[in-house]
Amino acid sequence: MHARITRLGIAIVALLTFPFAAVAAELVMVEEKGCIWCARWNTEIAPAYSKTDEGRFAPLRRVDINDMPEDLEIDRRVAFTPTFLLVEDGEELARIEGYPGADFFWPMLTKILTQNTEFAREKS
């Protein structure tokens, strides 16, 4: 019993002394009903996204262009769909506007993650 209480005490002290991690990055996909490029992204990228290093680092959050959440601080209005906002702590870091295909999307996503977050360091 004493050993269990000691381990619990050590765990509590560890939690209190280590700083809490910052809210992780997320990729916000701004979409709208009837958007053919959103549908194409959903077919070509969505099934694999969460299984990639990028998807694990910046989980996907979907929002409708006509119902932008108040918790997002964006640099400028989103004009068309899809637009992908790289967000951390609710604040826009970068964006990808449009979706002309997987050959464009993956390199651009990796670029904005590497330039704006700790993504490259965490992959190493």
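A. Examining the overall build of the chain more closely. Each helix and strand in the chain was counted, giving 6 helices and 4 strands. Each helix and strand of the chain, ordered N terminal to C terminal, gives the series α-β-α-α-α-β-β-β-α-α. The buried share among the 124 residues of the chain stands at 33%. Once local pairs closer than 6 in sequence are excluded, the contacts in the chain between residues at least 24 apart make up 56%. Accessible area of the chain: about 8100 Å², with a carbon and sulfur share of 58%.

B. Focus on the confidence of the model for the chain. This prediction gives the chain a mean pLDDT of 86; 78% of its residues lie at or above 70. The low-confidence segment residues 8–22, where pLDDT is below 50, has 1 contact with residues more than four positions distant or belonging to other chains.

C. Structural detail: the nonpolar core. Of all hydrophobic cores here, the largest spans 20 residues; its most connected members are Trp41, Ala58, Phe84, Phe105 and Leu109. Contributions of two or more residues to this core are made by strand 1 (25–31), helix 2 (36–44), strand 3 (83–88), strand 4 (91–97) and helix 5 (102–116). Filtering out sequence-adjacent residues up to four positions away, Leu109 remains in contact with Leu27, Tyr49, Glu54 and Ile96. If you look at the next biggest cluster of nonpolar residues, it comprises 8 residues, including Val30, Ile65, Leu72 and Leu85.

D. Fine view of the packing of aromatic side chains. For the coordinates displayed, the defined rule picks out 8 aromatic pairs. Relative to Trp106, the ring of Tyr49 lies with its centre 6.2 Å away and its plane at 15°, an arrangement referred to as stacked. Note that Tyr49 is positioned in helix 3 (residues 46–49) and Trp106 in helix 5, a separation of 57 residues in sequence. A relative accessible area of 22% means that Trp106 is categorised as partly exposed. Centroid distance Tyr99 to Phe105: 6.1 Å. Interplanar angle 65°. Geometry classified as edge-to-face. Assessed through its relative accessible area of 3%, Tyr99 is described here as buried. The structure contains a cluster of three or more aromatic residues connected by ring pairs, namely Trp41, Tyr49, Phe84, Tyr99, Phe105 and Trp106.

E. Examining the side chain of Glu31 more closely. Within the secondary structure layout, Glu31 lies in strand 1. Accessibility expressed as a relative area gives 16% for Glu31, which makes it buried. Among residues more than four places away in sequence, those in contact with Glu31 are Cys38, Asn42, Arg62, Val63, Asp64, Ile65 and Thr81.

F. Quick peek at the environment of Ala25. When you line up the elements, Ala25 lands in strand 1. We classify Ala25 as buried; its relative accessible area is 2%. Once residues lying within four places of it in the same chain are set aside, the contact partners of Ala25 are Phe57, Ala58, Pro59, Leu86, Val87, Glu88 and Thr117.

Criteria and cut-off values
- Residues numbered from 1 in each chain as written.
- Predicted model: local features only at pLDDT ≥ 70, side-chain atom pairs only at ≥ 80, totals over all residues.
- Heavy atoms only, no water.
- Helix = DSSP H or I, 4+ residues; strand = E, 2+ residues; numbered from the N terminus.
- Buried < 20%, exposed > 50% of the residue type's maximum accessible area, 1.4 Å probe, protein only.
- Contact = heavy atoms within 4.5 Å.
- Areas by Shrake-Rupley, 256 points an atom, 1.4 Å probe, with all protein chains shown as cover.
- pLDDT = per-residue confidence, 0-100.
- Core = buried A, V, L, I, M, F, W, Y, C linked by side-chain atoms within 4.5 Å.
- Phe/Tyr/Trp six-rings, centres within 6.5 Å; stacked < 30°, edge-to-face > 60°.

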